[in-house]
Amino acid sequence: MMQKTFDFFIPYNRFMNEQGKLEQALPEWSRDQERLIEAYETMVLIRNFDQKVVALQRTGKMGTYPSILGQEAIGVAVGQTMRKDDVLIPYYRDLPAQYLRGVRLVETLLYWGGDERGSQYQHCPEDFPNCVPISTQMCHAAGVATAFKIRGEKRAAVVTCGDGATSKGDFLESLNVAGVWQLPMVIVVNNNQWAISTPRKVQSAGQTIAQKAIGAGIEGIQVDGNDYFAISDAVQHALEKAHAGKGATLIEAISYRLGDHTTADDATRYRSKEDLKAGWEKEPIQRLRHYLLSQNLWSESQEKELQNKSTKIIETAVSDYLNTPPEPPESMFDHLFADMPAPLIEQRIDVKSLAGPGGTQQGSH
Amino acid sequence: MNIAAKSDTADASVVSHKITMVEAVNLALARAMQEDENVVVLGEDVGVNGGVFRATVNLREEFGLKRVMDTPLAETLIAGMAIGMAAQGIRPVAEIQFMGFIYATMEQIVSHASRMRNRTRGRLSCPMVLRAPFGGGIHAPEHHSESTETLFAHIPGLRVVIPSSPRRAYGLLLAAIRNDDPVVFLEPKRIYRASSQDVTDDGQALPLDTCFTLREGTDITLVSWGAMIQETLQAADQLLEQDISAEVIDVASISPLDMATIRTSVAKTGRCCIVHEAARTHGVGAEIAAELSESSLFDLKAPVSRVTGYDTVMPYYRNEMHYMPTVERICEAATILMEEGL
Ligand SMILES: Cc1ncc(C[n+]2csc(CCOP(=O)(O)OP(=O)(O)O)c2C)c(N)n1
Ligand SMILES: [Mg+2]
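The rules behind each value
- Residues numbered from 1 in each chain as written.
- Chains lettered and ligands numbered in written order.
- Predicted model: local features only at pLDDT ≥ 70, side-chain atom pairs only at ≥ 80, totals over all residues.
- Heavy atoms only, no water.
- Helix = DSSP H or I, 4+ residues; strand = E, 2+ residues; numbered from the N terminus.
- Buried < 20%, exposed > 50% of the residue type's maximum accessible area, 1.4 Å probe, protein only.
- pLDDT = per-residue confidence, 0-100.
- Contact = heavy atoms within 4.5 Å.
- Pairing = 2+ DSSP bridges.
- Axes fitted to C-alpha atoms, helices over the stretch in contact; angles between N-to-C directions.
- Domains from an automatic or database assignment.
- Buried area = accessible area lost by both parts, 1.4 Å probe.
- Salt bridge = Lys/Arg side-chain N within 4 Å of Asp/Glu carboxyl O.
- Polar contact = N/O pair within 3.5 Å; in protein donor to acceptor, adjacent residues only side chain to side chain.

A. Examining unusual backbone geometry more closely. All names here are of chain B. In this chain, Ser255 is followed by Pro256 through a cis amide linkage whose omega measures -10 degrees. Note that Pro256 resides in the loop between β12 (253-255) and α10 (259-269). Residue His282 is not a glycine yet carries a positive backbone phi of 65 degrees. Locating His282 in the fold gives a position in the loop between β13 (272-279) and α11 (284-295). Overall, the relative accessible area of 68% leaves His282 in the exposed class.

B. Molecular detail of the confidence of the model for chain B. Residue and element names in this part refer to chain B. Averaged over all residues, the pLDDT of chain B is 95; the fraction at 70 or higher stands at 95%. Note on residues 1-10: pLDDT under 50 across the span, and six contacts to partners over four residues away in sequence or across chains. Scored as a whole, the predicted complex attains pTM 0.95, and scored at its interfaces, ipTM 0.95.

C. Quick look at the sheet that holds strand β5 (residues 129-134) of chain B. Residues and elements named next belong to chain B. Reading across from one edge, β3-β2-β4-β5-β7-β6-β12 is the order of the seven strands in this open sheet, with mixed pairing throughout. Every other strand in the sheet has two partners, leaving β3 (68-70) and β12 as the edge strands with one partner each. Neighbour-to-neighbour, the strand axes of the sheet open up by a mean angle of 20 degrees, direction not taken into account. In the sheet, strand β2 (residues 39-43) pairs with strand β4 (residues 91-95) via five bridges, with the strands oriented parallel. In the sheet register, Gly43 faces β4, and the bridge partner there is Glu95.

D. Structural view of the domain arrangement of chain B. Residues and elements named next belong to chain B. What the domain assignment lists for chain B is domain 1 (2-200) and domain 2 (212-340). Once you take the C-alpha centre of each, domain 1 and domain 2 turn out to be 27 Å apart. In this complex, domain 1 contributes 25 residues to the contact, which on the side of domain 2 involves 25 residues. Carbon and sulfur atoms supply 55% of the area buried between domain 1 and domain 2, which totals about 2100 Å² over both sides. Counting the contacts that link domain 1 with domain 2 gives three salt bridges. The partner of Asp250 in a salt bridge is Arg168, with the nearest N and O atoms 3.0 Å apart. The interface formed by domain 1 and domain 2 includes twelve residue pairs in polar contact (both at pLDDT 80 or more).

Encoded structure:
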């Protein structure tokens, strides 16, 4: 007779609905009012900043840029919840997490503005830079987590990716080893429903992305990634587990990409107005504001102050960026090896002499 | 595809249209799909979106879901599936969105696509094309600007083809699709839309493993391919003003390499400068120079020289122009050869 050998279910969690109304009692940590205010303020700042970067691109002052519009809650949850000594291995839509961990806005601008110094983070020496080749960073996270394990450190590797990234071998290979070796790893999938023009359902026939964890023997949970409380709670749970040596967790955060894939994309080619409209109704900032207002933790005057403060912070970052002269051309040689091999020394001289004295000024934003 | 429709296209083909290189790619794909129902297209965002560069635009509408497949995001899968399909008699044309994301396909290409015929002594083969846009100069983000054709040129059993104009894109892509072996077809995206050319949709393929002599000259042979053909032709113009007559050869098929055409040219001019955007060391230019030193030493009046990218990671876009070979660098190298020569 056929017997059941294993059964699984994937939990879905959210605390707050689209209108900011609670559906269940909030977790203990949410009594920390400062944390909630910081989360809200960061989401607003980052959204304004993000839209400014898009505007810079439109006026020729920025390279191709992937907006994070509508996915701010995920990054804020990751950035707030991680300990300073954890390591973030991001993909390229993690601006709020990176900002909270100390990546400066000017560094973000430099990176997308075609300047390598944008990854030379001044304040988070161990975090990985943005990762453009999809899903490759998953394996790095397994390596970082293994390093912690080798040294017996109670630290966690937090890695992010998109829904499209879950189709690659790198993703599954990393989950697999995380399970076998009980790695202190937190995997956060930003399921924004799209991989450029490819909708979520074209990536996998699986009902959830979270269930990919089951095949690897790790915990998989799905949350409303636009509910700040749900995503924060999930990341916090996963981090506590990792720090306690209890293995990895895959968190599928359901969100929606409200912008184009990047500034080089035009989503109207493949996405209906209705789809986008439905996405806007679920976005994360409005509902947290509603909640905070309802609890008297926030006011219209605070909102005004926040907008002014954000504008100043953004203006400073943008002007720092625009006033950063390009690196001298010969810098392309200076960080290839610990010790520059002889053949490169000659080529370096060549670049320098060709660029001439004005050479360093040529690289425009 | 029914016969009536086929002859309709044949009639329309008499007309030629001014089109860009990316449109020529699209035209060749459509042509190949009309002619042979085994030709299919697969890749990321190639269907509904028509490709991020629009190279596959309208193909899904014209040929349907079964023949224009949006795949999950997985390059190893795309290349490996193409091998499986090809062994089954399908002719897959797989798009890798950017060359920077082609490396995951390496195992499939090196260990399988390029050697299936040899391993099975001809029982199975891989008539497949892997298309990818490549090269710098379009202010793209990290990993979107490299030229790493030499990695593929070193793989026995694999063809590597690079067009440099709309017409050659059309003819070479048709040839690549009709060819019975795997072809990596690299499209220089900097010139995807740089200029238009009259292209006749007559289904005429151009030969693979043949160089194209774009301009005849008597003093020096300039050898290049891909987007750098633009700079090389401009350099030839400038050199003419100094009374230096440059022959310009577009290698087009990086592998197998047609050395006969290059050798014949060098026998005439006695000087050779190779121009490529890819890093210098172990680049395709090194192979051409080595071949010339083996076969043409006594024809040469000056050493073979190279104008190339540096042995560095391609700088992000603010400094990428300092990496790219320029018309000035080509002219300077050519002038030195003229002065140094015997
Ligand atoms: C290996 C690889 N293949 C293709 C690309 C081109 N590309 C960039 S983003 C993207 C879609 C990614 O979708 P998803 O993982 O869902 O992340 P999202 O951008 O939606 O946040 C693709 C195909 C890439 N960067 N890397
Ligand atoms: Mg996505």
